Amino acid sequence: MREHFIQIASVFSNRYSGWILWNLFLAFIPLALSFWLFRQRRPVPRNALWWLALIVYVAFLPNAPYVLTDIIHFIRATRDGLSIIALTVAYIPLHVLSILAGFEAYVVSLLNQGQYLRNQGAKRYVLWAELMTHALAAVGVFIGRFRRFNSWDIISDPDEVLLQTLDDLTSRRPLAVILAMFLIIAGLYWLFKQITLGLVLRMRYARLGKEIEL
């Protein structure tokens, strides 16, 4: 039993879970920016600050679906011989929740983005904007996971990022991986979007029911 407790405690070490807080922090940056950019009661004027925030939003947005690739940490844990109890009680719940939270940040960010377009009278562009965002996110996830670029490399080393990205987009194998990632992100986004909108609608009905009772 003592050995099981030690392994459960090790799940929360930097080796197995040190990435969680950092990756979630990066995933929640575009989420926070999406509320400031797109969901203000009084629309923020599209001045230089707004456009700068939009660039940061786009640059950091792939960090949210990037958490999907953190499944590799699960593979590492199983190879390291963590017990079934440690995996079931601590490792799997912790990592599943972090992956869901990170991807939900992506979903809500895009919902805010879509609402902004509707408010601007550009409803017909919502779907195209979502698909374009999925494509950019797929590229970002690929160069982040396989080329090990970070969001800030766009500023610190733009030439290398651009050249490497163009090379990947014109190479068969990287392009196939990016396409697969696009399909995964788009499919999961559609699913999470339906669940999220359903929960929001349910909460609105519950709130309306309470107001009627009062």
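A few points on the structure.

Analysis parameters
- Residues numbered from 1 in each chain as written.
- Predicted model: local features only at pLDDT ≥ 70, side-chain atom pairs only at ≥ 80, totals over all residues.
- Heavy atoms only, no water.
- Axes fitted to C-alpha atoms, helices over the stretch in contact; angles between N-to-C directions.
- Helix = DSSP H or I, 4+ residues; strand = E, 2+ residues; numbered from the N terminus.
- Left-handed = near helix turned anticlockwise from the far one by under 90°.
- Contact = heavy atoms within 4.5 Å.
- Nonpolar A, V, L, I, M, F, W, Y, C, P; charged D, E, K, R; others polar.
- Phe/Tyr/Trp six-rings, centres within 6.5 Å; stacked < 30°, edge-to-face > 60°.
- Parallel < 35°, antiparallel > 145°, perpendicular 65-115°, else oblique.
- Salt bridge = Lys/Arg side-chain N within 4 Å of Asp/Glu carboxyl O.
- Buried < 20%, exposed > 50% of the residue type's maximum accessible area, 1.4 Å probe, protein only.
- Expected span 1.5 Å × (residues − 1).
- 1 Å grid on protein atoms, 1.4 Å probe; cavity = no way out; pocket = protein on both sides within 12 Å on 5 of 7 lines; lining within 4 Å.
- Points joined across faces, edges and corners; volume = space filled by probe spheres on them.
- Patch = residues over 30% accessible without salt bridge, like charges linked within 9 Å, V, L, I, M, F, W, Y side chains within 5 Å.
- Areas by Shrake-Rupley, 256 points an atom, 1.4 Å probe, with all protein chains shown as cover.

**Let's talk about the packing of helix α3 (residues 19-38) against helix α4 (residues 48-60)**
Across the interface, α3 lies against α4 with an axial gap of 9 Å and an inter-helix angle of 145 degrees. Handedness of the α3/α4 crossing: left-handed. Only L49, W50, A53, L54, V56, Y57 and F60 of α4 make contact with α3, whose side of the interface consists of L26, I29, P30, L33, S34, W36, L37 and F38. The residue inventory of the contact of α3 with α4, partitioned by class, reads 14 nonpolar, one polar and no charged.

**Structural notes on the packing of aromatic side chains**
As enumerated under the stated definition, the model contains nine aromatic pairs in all. Ring geometry for W50 versus W51: centroids 4.9 Å apart, planes at 85 degrees, classification edge-to-face. Three or more aromatic residues joined by ring pairs form one cluster here, namely F38, W50, W51, Y57 and Y116.

**Quick look at the packing of helix α8 (residues 126-145) against helix α10 (residues 158-169)**
Direction vectors running N to C along α8 and α10 enclose 110 degrees, while the axes themselves pass 11 Å from each other. Taken together, the axes of α8 and α10 are roughly perpendicular relative to one another. Counting all contacts with α8, which are made through V139, F142 and I143, the residues of α10 involved are V161, T165, D168 and L169. Taken together, the residues that form the contact of α8 with α10 break down as five nonpolar, one polar and one charged.

**Quick look at the pattern of salt bridges**
Any two side chains of opposite charge can pair, on the condition that their charged atoms come close. Enumeration over the complete set of coordinates arrives at three salt bridges. Put simply, R145 and D70 hold a salt bridge, and the shortest N to O gap is 2.9 Å. In this pair, R145 is assigned in helix α8 and D70 in the loop between α5 (63-66) and α6 (71-79), connecting sequence segments 75 residues apart. With respect to burial, R145 and D70 carry one shared label: buried.

**Observations concerning α3**
Between its terminal C-alpha atoms α3 stretches 29 Å, which fits the 28 Å expected from 20 residues at 1.5 Å a residue. Regarding α3, the residues found buried are W19, I20, N23, L24, L26, A27, P30, L31, L33, S34, L37 and F38.

**A closer look at unusual backbone geometry**
Even without glycine at this site, R148 takes up a positive phi of about 60 degrees. Checked against the element boundaries, R148 lands in the loop between α8 and α9 (153-156). Its relative accessible area of 51% is what places R148 among the exposed residues.

**Considering the layout of surface pockets**
Here the largest pocket is characterised by a volume of approximately 700 Å³. In terms of lining residues, the largest pocket is bounded by 29 residues, among which G140, I143, F149, N150 and S151 are the most central. No other element matches α8, which puts seven residues into the lining of the largest pocket. For the lining of the largest pocket, a count of residues per class yields 18 nonpolar, eight polar and three charged. Of the pockets and cavities examined, the second largest pocket occupies roughly 470 Å³. When residues in the lining of the second largest pocket are grouped by element, the largest group, eight residues, is from helix α11 (residues 172-213). When its residues are assigned to classes, the lining of the second largest pocket shows seven nonpolar, three polar and five charged.

**Some thoughts on the environment of W190**
Position of W190 among the secondary structure elements: in helix α11. Separated by 83 residues in sequence, W190 and V107 place their C-alpha atoms 8.7 Å apart.

**Focus: a nonpolar patch on the surface**
On the surface, W190, L191, I195, L199 and M203 cluster together into a nonpolar patch covering about 540 Å² of accessible area. Mapped onto the elements of the fold, I195 is located in helix α11. Take I195: its relative accessible area is 47%, and that puts it in the partly exposed class.

Function cannot be inferred from these measures alone, as they are strictly geometric.
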